[in-house]
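Architecture at a glance
Spelled out from the first residue to the last, the chains are:
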Amino acid sequence: MSKSIFRVFLRSCALLSVITLSSPSVYAELDVFSDKHLGAATCATSQCHGKGSPQEGRNVQLNEYTIWIEGDRHSIAYQTLETKESARMAANLGLESAKTAKICLDCHADNAPEASRGPKFKIRDGVGCEACHGGAERWIKTHTDPDATHKANLAAGMIATETPEVRAELCLSCHLGTRDKFATHRIMGAGHPRLSFELDLFSTNQPAHYQVDADYVARKGSIPRFNLWLIGQFISAEETLKVAMERLHEGVGIFPDFAFFDCHSCHHSMSQKRWTNHRADNLEPGSLRLMLPNMAIIEATAATLGNKELRSAIRGMRIQTMRAAQGPRGPFVDAASQLMSELIRTRKSFPDTFSNKQVAAVRRGLLATAGADRTSDFGEAEQIYYSFETLCLALDQIEACGSALDQLFDTIANADTYSPGKFARLTKKLAARF
Ligand code: HEC
Ligand code: HEC
Ligand code: HEC
Ligand code: HEC
């Protein structure tokens, strides 16, 4: 081991221990396989979660399985591996079959190790109940007791899906990837779709098999949409940095893994000249842009909820990280860990409640950032679109936002023809309106 690599190794160990201490639930690596996974069939009977409609007088609806099997894409995640598209991808990657390849099953199913599978476990269930709620081995019997508490369920290994930080980390483990399972550029090159994620929007788009009513709030509390969005933005950025620190330099040959960079910085027509100095934050023309799609939003939010100095500090660290991403691992890990620590610190400094005035100011701030032509990457523009929609919902103004949302959607509907200039002109107009 060369001296410099050894130094980096020590530093990253130090970083991980700091993060674990400061934040026990997030970044202590969520372990969904510590308990046996009994299989969706265990939850599916008509006495349990398989009723046809929500039940009166019970604290949960008991039709969760029905909703999942009928309308939730997670229940067909394994079937996706049986399609021609997946077969082609597997052949391109030299895999025997997508249906048996660990790298596909890790995200498209509840791929518990053999020893953690109960008798009714079926891999065909795809992303089943226990892929999100944790192995039911220790709580299957007790969670139905009339006096069972949520706290006791959690102590028996249930995952705290109601906690935004934990939920974000859980969803991102597949919708972004982790050190151990990641949709590398090799997998993208074989034909896998690009991944994108926004915690509030994806939580809304997954058909809800729970109802946040008075009883729910008494047991679990309630999270305002704005808070869920805000925490999702931060955890997405933190997780992206974390996985990049772990995997960026494990690309093909001498190259880093291209999946960490803005896809369209390489995949766009050469006759479309996009580069400007301020759009690229002074990165050299022709450089690779590390994809941090949440950072423009976080910077705008830091200025609105914090102050301009905080925004400049975070922006400076982001640019340093993007520059370092073009070189060897050591300086990159240094820059990325500094940025990650600052994000964790900033996230934890926020209050629990926000006024509508603050939410509206954040919405204006991110439109203004985009309007100042600071978002050259498609992934950033897409996050601004998602976020504009979420913040309109948070303010209960979805009707008033309707035509603006349609216009904004048109600018990002086709990733191949996305034009940063057009996006900036429209967001500038919207910043004046909202
Ligand atoms: C074990 C991996 C895994 C976890 C954990 C996971 N997902 Fe997914 N999710 C997938 C896969 C794979 C698909 C695509 C399924 C398909 O179409 O084959 C998907 C699809 C979705 C879709 C549909 C997307 C679309 O384009 O229509 C939504 C919404 C979604 N997930 C939300 C979530 C949320 C919210 C969470 C966290 C509470 C979450 N997911 C956790 C793997 C996962
Ligand atoms: C890091 C997790 C991850 C890995 C690894 C992964 N996938 Fe996916 N895959 C997803 C998610 C999440 C989606 C849904 C994307 C969305 O709609 O936002 C998806 C979508 C797909 C789709 C498109 C589904 C549709 O109907 O639109 C196919 C096909 C697919 N994956 C096949 C594969 C195959 C084959 C492999 C193995 C070579 C694989 N995936 C590995 C997470 C992953
Ligand atoms: C993609 C992740 C995901 C999958 C798959 C999933 N859930 Fe959930 N589940 C959630 C989230 C997120 C919540 C809302 C937060 C919470 O209350 O913990 C939730 C809530 C619940 C609740 C709590 C309702 C309440 O009032 O407290 C029950 C019960 C439940 N799920 C059962 C199931 C069952 C049964 C399955 C399988 C058929 C399943 N879930 C599959 C993510 C998931
Ligand atoms: C550093 C430049 C670079 C970046 C960034 C990059 N790619 Fe690529 N991509 C390439 C190259 C080079 C090829 C190989 C092209 C060929 O074989 O003709 C390729 C091939 C592909 C292909 C296969 C195209 C084909 O003709 O079969 C897909 C799909 C793809 N990339 C998707 C992505 C996605 C999604 C991202 C972002 C997550 C991304 N790429 C980021 C350089 C890049």
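Residues numbered from 1 in each chain as written. Chains lettered and ligands numbered in written order. Predicted model: local features only at pLDDT ≥ 70, side-chain atom pairs only at ≥ 80, totals over all residues. Heavy atoms only, no water.

1. A few points about the coordination of the iron atom of ligand 4
- Protein-derived coordination of the iron atom of ligand 4 comes from His185 (NE2) and His267 (NE2), at a distance range of 2.0 Å.
- Accessibility expressed as a relative area gives 28% for His185, which makes it partly exposed. (Donors = N, O, S within 2.8 Å, 3.2 Å for Na, K, Ca; no water. Buried < 20%, exposed > 50% of the residue type's maximum accessible area, 1.4 Å probe, protein only.)

2. Some details on the coordination of the iron atom of ligand 1
- Summarising the metal site, the iron atom of ligand 1 is bound by the protein donors His74 (NE2) and His175 (NE2), whose distances to it range over 2.0 Å.
- Viewed at the metal, the six donor atoms of the iron atom of ligand 1 are separated by angles of 86 to 180°, and the geometry they form is octahedral. One end of the pair, His74, is in the loop between α2 (64-71) and α3 (84-93); the other, His175, is in helix α7 (residues 164-175), and 101 residues separate them in sequence.
- Taking the relative accessible area as the measure of exposure, His175 reaches 28% and is therefore partly exposed. (Tetrahedral: all angles 85-135°; square planar, octahedral: opposite > 155°, others 65-115°. Helix = DSSP H or I, 4+ residues; strand = E, 2+ residues; numbered from the N terminus.)

3. Things to note about the site of ligand 1
- Close to ligand 1 lie 17 residues; His74, Thr80, Cys171, Cys174 and His175 are nearest.
- A distance of 2.8 Å is found between a nitrogen atom of ligand 1 and a side-chain nitrogen or oxygen belonging to His74.
- At a separation of 2.4 Å, an oxygen atom of ligand 1 approaches a polar side-chain atom of Thr80.
- Elements with a minimum of two residues in the shell around ligand 1: α4 (102-108), α7 and α9 (199-205).
- The greatest single-element share of the shell around ligand 1, amounting to five residues, is contributed by α7.
- Of the residues that constitute the shell around ligand 1, the class distribution is eight nonpolar, seven polar and two charged.
- Both domains that meet at the shell around ligand 1, namely domain 1 (1-30 + 161-434) and domain 2 (36-158), each give it at least three residues. (Near = heavy atom within 4 Å. Polar contact = N/O pair within 3.5 Å; in protein donor to acceptor, adjacent residues only side chain to side chain. Nonpolar A, V, L, I, M, F, W, Y, C, P; charged D, E, K, R; others polar. Domains from an automatic or database assignment.)

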